[in-house]
Amino acid sequence: MSNTIQFINGQLIVPDQPVIPFIEGDGIGKEITEASQRVIDATVTAAYGDTKKLIWKEVLAGQKAFELTGSYMPDETLEAFQQYLVGIKGPLETPVGEGIRSLNVALRQTLDLYACMRPIRWFKGVPSPIRYPELVDMHIFRENTEDIYAGIEFMTGTNEGNKFRDFLINEMGVDKIRFPESSSFGVKPVSKEGSERLIKAAIQYAVKRGLPSVTIVHKGNIMKFTEGAFKNWGYDLAETEFAEQTFTWRQYKEIEKKEGKKSAKTALETAKNSGKVIIKDVITDAFLQESLLHPFDHSVIATLNLNGDYISDQLAAMVGGIGISPGANINYISGYAIFEATHGTAPNIAGTGKANPGSLILSGAMLLEYLGWYKAAEHVYDAMEHTFAKRKVTSDLFSMMEGATLLSTSDFADEIIRNIH
Ligand code: NAI
C-alpha cells in the first residue's frame, strides 16, 4: 500500500505508515518540533506497537527555507501538503517587507483551509483564572477565509480610498459616514457558502462525537446582513440538512409562540433525551462573558473570523495559555489539514530550552484523531495529564504553580514519554 493519505468520497484513507509533511518553524520551532515528534512517536508505538508509524517528512518554510532556497515558501512545500493531505507545522515568523504575505495566510489560502479548529480543555493541575476549569470542554470552529479579515481595505487619502468613498456616497446613497474626508474603509464579505460549510463542519463534529450543543456566536444584532445572516444560514442548515440530528433554539421559539412555553420546554427536553444536538446562538459580547461564567453551557462554537480570533485567545487563557493551546486549519471537503501550535515563534526565548512544546504536542494529538488513531491520541492526553498532575512543567507555567519542578523543553517531552501507560 502507498504511504500517501487519500481522501475518497469524503473519507480519509490512512495507510499504516502515512507520510506526514512537517514545517519545523522559526524561533522556538526547532525545539518544540523535535520534542513533539518524540512524544507523538512514543504514543503511536504504545498504542499500536510496530503496526503503525508516522513517517515524518520535513518541508521547508520560513527563515530556514529562505537561507537554503532563497524563498520563504518554496513551491515544493505547498505541493507536499497538497500531495500528502495532512501535515503539521511549527510557528513561522511573518517576514518584514513589502509584498511578502504572511506565510500562514499563504498556506491557508492555497489549500482553502476554511475551518480553524481549536479544542479548549483543561488539564488537572494547570493554573487557571476561573473557578471551575474542570468544566471547560469547548471546541471552536472559526471561519478562516472571509469576514473583515479578507484584506479588502482602503486607506484614507489614497485614490482607492477616495474612489470607494465617492462610490458609497454618490452611487449607493450612503449618508452615514461620520468623517468622510478622513475615513479609511474595510469590507466584510460573509457568504452563504462560506458560512454553511463552516457551520456544517461544526455540526458534523458535534454529531460524530456525541457533543450536546453548537453555539453560533455572532454580532447579528448590529451587522444584520453579514453576522445576522451567518446565524440564520446556520439555523436553516441545521433544520434542513440535520433535521434528524438537531433541535434549534429557533424551533424552540417557534413552538413557544404557537403552543406556549410548556410545550417548547417539553420539545427541548425530548430532543436532549434523544441525543439531539441543540443549536443555539449568542451575541459575541455576551458570549465572552458567558464563557467565563458558565463555560459548561457551551460545547462546540461556530463563529466568524474576527470573533473567532478574540474568542480563541480568551478561551485559551482560561485553561493555561498559548503554551498548551493546539489548533488545526482544515478543509473538510477536500480533506486538507494542517495542524499547528497557536502561538508564534517566541523570539524572546528561542534557543533557551524554555519553550513549552505542549501546544504542538496537543496539535499532534489532534492530527492523530483526524487520522482516526484515537488510541494514540488518548495516550497523549493521559500522559500530559499525569505530567501536569506531578507539577512538572516548563517555565511559562512554573512561575504560576506552587511546588512545581521546572523542566526544559526536551526534559518535559521525556517526562511525558515516561508517563505513557
Ligand atoms: P508569540 O506567541 O511568539 O509570543 C508571545 C509571548 O508568549 C512571548 O512572551 C513568548 O515567549 C510566549 N510564548 C509563545 N509560545 C510559547 C511557548 N510555546 N512556550 C512558552 N512561552 C511561549 O507572539 P509574538 O511575539 O507576537 O510573535 C512572534 C512572531 O511569531 C511574529 O513574527 C508573528 O508574526 C509570528 N506568529 C506566528 C504564528 C504562527 O505561525 N501560527 C502565530 C502568531 C505569531
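Numbering of residues begins from 1 in every chain and follows the order in which that chain's sequence is written. Under the rules for a predicted model, residues below a pLDDT of 70 receive no local features and side-chain atom pairs below 80 are neither given nor counted, while totals for whole chains, interfaces and linings still include all residues. Side-chain metrics in this entry use all non-hydrogen atoms of the structure; hydrogen atoms and water are not considered.

Enquirer: Explain the pairing of strand S5 (residues 86-89) to me, and be specific about the residues and the numbers.
Expert: A simple rule labels every residue: compare its accessible area, found with a 1.4 Å probe on the protein chains alone, to the largest value its type can have, and call it buried under 20%, exposed over 50%, or partly exposed in between. Working definition: helices are DSSP H or I runs of at least four residues, strands are E runs of at least two. Numbering for both runs from the N terminus. Taking every second residue as pointing to the same face, both faces of S5 are buried, with Val-86 and Ile-88 on one and Gly-87 and Lys-89 on the other. In short, DSSP must find at least two bridges between two strands for them to pair. Looking at chain direction, strand S3 (residues 19-23) and S5 are connected through two bridges and run parallel. If you follow Ile-23 over to S5, its bridge partner there is Lys-89. Of the strand pairs in this sheet, S5 and strand S15 (residues 337-341) are connected by four bridges, and their pairing is parallel. If you follow Lys-89 over to S15, its bridge partner there is Glu-340.

Enquirer: Outline the side chain of Thr-248, supporting the account with residue identities and numerical values.
Expert: Within the fold, Thr-248 resides in strand S11 (residues 246-248). Using a relative accessible area of 0% as the deciding quantity, one classes Thr-248 as buried. Side-chain atoms alone can form a polar contact between residues adjacent in sequence; in general such a contact is a pair of N or O atoms within 3.5 Å, and within protein one must be able to donate a hydrogen while the other accepts it. Only 2.6 Å separates the side chain of Thr-248 from the side chain of Glu-239, close enough to count as a polar contact.

Enquirer: Break down the sheet that holds S15 for me, with residues and values.
Expert: The strand order across the open sheet built from 11 strands is S4-S3-S5-S15-S14-S6-S7-S13-S10-S12-S11, with neighbouring strands paired in mixed fashion. With partners counted over all chains shown, the strands left at the sheet margins are strand S4 (55-58) and S11, one partner each. Adjacent strand axes in the sheet meet at a mean angle of 25°, parallel and antiparallel pairs treated alike. Sheet topology note: the strand S7 (residues 137-143)/strand S13 (residues 300-303) ladder contains four bridges and is parallel. A fitted line through C-alpha atoms represents every axis, and for helices the fit uses only the stretch in contact; the resulting angles, taken between N-to-C directions, go from 0 to 180 degrees.

Enquirer: How would you explain the packing of aromatic side chains if you had to name every residue and give the values?
Expert: Each Phe, Tyr or Trp ring (for Trp, its six-membered ring) is paired with any other whose centre lies within 6.5 Å, and the angle between the two planes then decides the class: stacked below 30 degrees, edge-to-face above 60, tilted in between. Enumeration over the complete set of coordinates arrives at 11 aromatic pairs. Within the aromatic cluster, the residues linked to one another by ring pairs are Phe-123, Phe-388 and Phe-412. Charges are assigned to positions over rings by a cutoff of 6 Å between ring centre and Lys NZ or Arg CZ, combined with an angular limit of 35 degrees from the ring normal. Of note, Lys-52 hangs over the ring of Tyr-48, and the distance from its end group to the ring centre comes to 5.5 Å. Geometry around Tyr-381 places Arg-121 over its ring, the cationic atom sitting 4.7 Å from the centre.

Enquirer: Lay out the packing of helix H8 (residues 249-259) against helix H9 (residues 261-273) in plain terms, naming residues and giving numbers.
Expert: Running from N to C, H8 and H9 cross one another at 150°; their axes reach a closest spacing of 7 Å. Put simply, H8 runs roughly antiparallel to H9. Viewed along their axes, H8 and H9 form a crossing whose handedness is right-handed. Contact residues: Trp-249, Tyr-252, Ile-255, Glu-256 and Glu-259 in H8; Lys-261, Ser-263, Ala-264, Lys-265, Ala-267 and Leu-268 in H9. Side-chain classes follow a simple rule in which Ala, Val, Leu, Ile, Met, Phe, Trp, Tyr, Cys and Pro form the nonpolar group, Asp, Glu, Lys and Arg form the charged group, and the remainder, Gly included, forms the polar group. Looking at side-chain class alone, the contact of H8 with H9 contains six nonpolar, one polar and four charged residues. An angle counts as roughly parallel when it lies under 35 degrees, as roughly antiparallel when it exceeds 145, as roughly perpendicular when it falls between 65 and 115, and as oblique in every other case. Note: crossing handedness is left-handed where the near helix turns anticlockwise from the far helix by less than a right angle, and right-handed where it turns clockwise. Contacts are residue-level and defined by heavy atoms, with any inter-residue pair within 4.5 Å sufficient.

Enquirer: Outline the nonpolar core, supporting the account with residue identities and numerical values.
Expert: Ranked by size, the top nonpolar core spans 110 residues in total, and within it Phe-141, Val-214, Phe-339, Leu-368, Leu-371 and Phe-388 carry the most contacts. Here this core gets nine residues from one element, more than from any other, and that element is helix H12 (residues 358-371). In this structure, Val-214 is in contact with Ala-202, Ile-203, Ala-206, Val-277, Ile-278, Ile-279, Lys-280, Val-300 and Ala-302, ignoring residues within four places of it in sequence. Residues belong to a common nonpolar core when they are buried Ala, Val, Leu, Ile, Met, Phe, Trp, Tyr or Cys residues joined through side-chain atoms within 4.5 Å.

Enquirer: Could you give an account of the site of the ligand, naming the residues involved and the relevant values?
Expert: Think of it this way: one heavy atom of a residue within 4 Å of a molecule or strand is enough to make that residue near it. Taken together, the neighbourhood of the ligand is formed by 20 residues, with Leu-92, Thr-94, Gly-344, Ala-346 and Asn-348 sitting nearest. Within the side chain of His-343, a nitrogen or oxygen atom sits 3.2 Å from a nitrogen atom of the ligand. Between an oxygen atom of the ligand and a main-chain N or O atom of Thr-345, the distance comes to 3.0 Å. Expressed as a share of its isolated accessible area of 810 Å², the protein-covered part of the ligand is 67%. Residue composition of the shell around the ligand, grouped by class: eight nonpolar, eight polar and four charged. Note on areas: Shrake-Rupley, 1.4 Å probe, and residue coverage restricted to the protein chains presented here.

Enquirer: Summarise the side chain of Thr-394; cite the residues concerned and give the values.
Expert: Inspection of the secondary structure assignment puts Thr-394 in the loop between strand S16 (392-393) and helix H14 (395-398). What Thr-394 contacts, discounting residues up to four positions off in sequence, is Lys-354, Ala-355, Asn-356, Pro-357, Leu-406, Leu-407, Ser-408, Thr-409 and Phe-412.

Enquirer: Before we move on, could you go through the pattern of salt bridges and cite the residues and values that matter?
Expert: Salt bridges, as used here, are contacts in which a Lys or Arg side-chain nitrogen is within 4 Å of a carboxyl oxygen on Asp or Glu. Within this structure, the stated rule accounts for 24 salt bridges. The shortest N-O distance in the salt bridge between Lys-64 and Glu-24 comes to 3.4 Å. In this pair, Lys-64 sits in helix H2 (residues 62-69) while Glu-24 sits in the loop between S3 and helix H1 (29-48), placing the two residues 40 residues apart along the sequence. Linking Arg-142 and Asp-309 is a salt bridge whose minimum nitrogen-to-oxygen distance equals 3.7 Å. With Arg-142 in strand S7 and Asp-309 in helix H11 (residues 305-318), this residue pair connects regions lying 167 residues apart in the sequence. Look at Asp-309 and you get partly exposed, because its relative accessible area is 24%. In this structure, a network of salt bridges that share partners links the residues Lys-390, Lys-392, Glu-415 and Arg-418.

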